[in-house]
Amino acid sequence: MYRTALRNVLAHKARLLMTTLAVLLGTAFVAGTLVFTDTLGEAWRSQSAKSYTDIAVTVSDRGAVGKGYDHGGKASGGPALTEETRTAIAALPGAAEARGVVSGFAGIADRKGALIGDGFSTSGTNYVPGADGTDPRYPLVDGRGPRGSGEIALDARTAEKGAYKVGDTVRVAVNGPVMELKLTGTLHTNDPRIVSGGSLAAFDTATAQHLYLSPGQYAEIDVRAKPGTDDTALLAAVRQTLPAADTIEASTGRALADEQDRMIAEGTRSMSTVLLTFAGISLFVGIFIIANTFTMLIAQRTKELALLRAVGAGRRQITLSVLAEALLVGLTASIGGLLAGIGIASGLKALLNGPWEANLPDGPLVIAPSTVIGSLAVGVVVTVLAALLPSVRASRIAPVAAMSSVEQPATQKSLLVRNTVGLLFAAIGAGGLLGGAAGKSVKLVGLGAGALMIGVFVLTPLLSRPVIALFAPALRKLFGTPGKLARDNAVRNPRRTAATASALTIGVTLITALTVVGASVNKAADDSSASDLKADYAVAMDNYSMLAPEVAGRIAQLPGVTAMSVERQVPVESADGDTSWLTGVDAATFDRLVDIEVGSGSADALKQGKLLTTTGYAQRNGLTVGSTLDITYPDGTRATLTVGGLVESNSEISGFVAPDSLVGPHAAPGTGLHRVLVKGDAGATPELKQALRDATGGNPLISVKGEEDVKAENNRAINAVLNVMYGLLGMSVVVAVLGVVNTMAMSVFERRREIGMLRAIGLDRRGIGRMVRLESLIIALFGGVVGVLLGIVTAWAATRTMAGSLKNITLVVPPVQMVAFLVAAAVIGLLAAVWPAHRAARLDILGAIKSE
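Residues numbered from 1 in each chain as written. Predicted model: local features only at pLDDT ≥ 70, side-chain atom pairs only at ≥ 80, totals over all residues. Heavy atoms only, no water.

Concerning the pattern of salt bridges
- All told, the structure shown has 21 salt bridges when counted by the stated rule.
- Each of the salt bridges in this network shares a partner with another, and the network as a whole consists of Glu97, Arg99 and Arg224. (Salt bridge = Lys/Arg side-chain N within 4 Å of Asp/Glu carboxyl O.)

Listed below in structure tokens is the structure:
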């Protein structure tokens, strides 16, 4: 029987080609994901390890977050890492050197004033020269390190991007106006953030302390040990020199490197999980193709299987024979997929480091044994499982019945069981969607959508006849006899049509759901921007750090500004020890800049020195108008504040809002501003926007955004996510296309005699080709229609779960995209039929009629 299985695979290799490709693509996705993430993780770990090679102990001050990063933390007023601390550590017997480190962010502008790199990875630090005048952390590429307040050094890649050379004037900014500094040198760094596309600006220590902390203060002290010194013993000695503060921590360099490795592993694991999810979708689509292929092969080999049964083969032998065929196909495809996946990972890395300029760290491809075993196992197991049901059906063919029939129709009992199971899953899925929408449970909606999709797939043979019947009048009218024959062929075998269409339905369902959810979120965000914010412009840092307080003073002096308010966020501690955020605003102007719809209490609560919060926040925390809160400000001052008003849902208000006259005096030294809201006498004009930019000193990290800017930013963010999702789902669509091609090609082979008879009675080659193309078109449109409807239903439930976090979100179904998806499904159907239609039209009439 196993020799028979091998012979059958070799005999039907052309008909198994599309199945092999489907498994190969899915396995390649899995293998490529594992190889790419392993390679990326190893390269990042190797790069990160270089940063800790000479560090025995590191001491860090979590409170020394730096100006611009400081959200009002308490550390600025407590013990800090100072020059005295560094000197004491350096004097320890086992310490060879103690290097004080200052860090923050620094935006570098190119010659046109635009920011170089990503605002979230624009790093600034201090350059600490040793006895030879160089900092071993940052080897010089050209020039020298900075020595005074008017000098700066840049990493070589940033200098190249900005076309800067040693001696040039560089425009650099932290959280205030731009500074113009002389470039004294370019550096090399192993910092993964910089290597991956960020920027590094190095200042002398005194300048860095002025920009980020306070004179003589450090954020970190790195200790290099003398030869033969035990790191753990040195750590214990270092801890004895440290000031008593909860924010100051000390650990060995090895422990820090291990923690960095853990974070890298966690990040690559998350990336791998996302990619493998989409690989799983592609393999799930492939299951329909595999099952359909083996079902058709078994139907075409009915007489052969009957003969085997007649000469003594048992049911178990027939089942194992078919599964052996699936095993051979799966193993062959998996090996090809593994090799293709390795190639994909290598190509993706080259692409990211080339045209896309992602600047990933260098390193060899990592092909772990688990990747090889896992990829092969996935491909083989999926193929064998998909072929399990067809193999069982093959074993149940009665020899006599099989000898007299090409394909046995499904029994009424099997159809009844199938439809009952489908209705049960569909009912459970619909209940899950309704329950999840009502209870705003994303998990329940996800489970419900999955159950509903399975139910619809099981019911698809039942649905195919009435849905395809809708196309019948148009087909008959527009295409005549080929159209009528195409419709009849599409419903001749509902199970086959259903399996082929379902493969396409999966991709269309997910793409439709993502599109509708994206459009709904976009509309809700746009509406919130228009209704909640009355200010013409909001001035803030692009990397969500804090604005320098002096920026507000500059804006207040601008002509044409009729109302302005700062937003200063600080953490406050309640009597029970919980921490919450308190936002300080200008009580006199805030209601002119933000739409405050008071549900209860007074609209003038802020002017009365009281708190405002949203109704939803108050309900979650058991608060009402008149409730009092005992809090402790960042500077240690205790106060009792009263809730004066509850505001209806507003995207611009989170937590508690209080007059800045109460908040500002108690913020920690150096606390910046969250943003500044501005309203002009002539509204949002280009002149006002430019004046605000000028008031910020041309800082490339500071943004000035109006309503349209916010809408455009939201749309870009949502569309970027959707485009990534579309790209990842593209593989499942490709696999579905292979399924349509496979089904049509095997159907043409199966109906050779019928096609020959049609040719013999007068249907020309053009008519035969059109018949096959229209049949493929009908199947693809059927899958597209079901997918669009399922996607809209799923998106409706998903949007209902967001009602609590997105104000007035409603279901938005973009008609143009929905029509585009159906047109795309039709095009897929026509393209998939090109080869089968050509093959059918070229069949020899006499040879086809004589075939069995």
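Some points on the confidence of the model for the protein chain
- In this model, the protein chain carries an average pLDDT of 83, and 90% of its residues clear a pLDDT of 70 or more.
- The spread of mean pLDDT over the elements of the protein chain runs between helix α12 (residues 399–403), the lowest at 57, and strand β8 (residues 151–155), the highest at 95.
- In this model residues 66–77 is a low-confidence stretch, pLDDT under 50, and it forms 45 contacts with partners more than four residues away in sequence or in other chains. (pLDDT = per-residue confidence, 0-100. Helix = DSSP H or I, 4+ residues; strand = E, 2+ residues; numbered from the N terminus. Contact = heavy atoms within 4.5 Å.)

Thoughts on the packing of aromatic side chains
- Under the definition given, this model contains two aromatic pairs.
- Measuring from ring centre to ring centre gives 6.3 Å for Phe203 and Tyr212, while their planes differ by 65 degrees; the resulting arrangement is edge-to-face.
- Looking at Tyr212, the relative accessible area reads 1%, which means it is buried.
- Their ring planes at 85 degrees and their centres at 5.2 Å tell us that Tyr617 and Phe656 sit as a pair that is edge-to-face. (Phe/Tyr/Trp six-rings, centres within 6.5 Å; stacked < 30°, edge-to-face > 60°. Buried < 20%, exposed > 50% of the residue type's maximum accessible area, 1.4 Å probe, protein only.)

What about a nonpolar patch on the surface?
- Taken together, the side chains of Val819, Val823, Val827, Leu831 and Val834 make up a nonpolar region of the molecular surface, amounting to roughly 440 Å² of accessible area.
- Assignment of secondary structure puts Val819 in helix α25 (residues 815–832). (Patch = residues over 30% accessible without salt bridge, like charges linked within 9 Å, V, L, I, M, F, W, Y side chains within 5 Å. Areas by Shrake-Rupley, 256 points an atom, 1.4 Å probe, with all protein chains shown as cover.)

Focus: unusual backbone geometry
- Even without being glycine, Ala163 reaches a positive phi, approximately 60 degrees.
- Checked against the element boundaries, Ala163 lands in the loop between α4 (156–161) and β9 (169–173).
- Judged by its relative accessible area of 47%, Ala163 is partly exposed.
- One non-glycine residue, Lys440, lies in positive phi territory at about 55 degrees.
- Assignment of secondary structure puts Lys440 in the loop between α13 (412–439) and α14 (442–469).
- Using a relative accessible area of 41% as the deciding quantity, one classes Lys440 as partly exposed.

Notes on the pairing of strand β20 (residues 628–632)
- Bridge analysis of strand β16 (residues 561–574) against β20 gives two bridges, and the strand direction is antiparallel. Within β20, the position partnered with Glu573 by the bridge is Thr632.
- Two strands pair when backbone bridges link them, and β20 and strand β21 (residues 638–647) are joined in this way by five bridges, in the antiparallel orientation. Across the sheet, the residue bridging to Thr632 is Arg638, located in β21.
- As consecutive antiparallel partners, β20 and β21 are separated by five residues, and within that stretch Gly636 has a phi angle of approximately 95 degrees, a positive value. (Pairing = 2+ DSSP bridges.)

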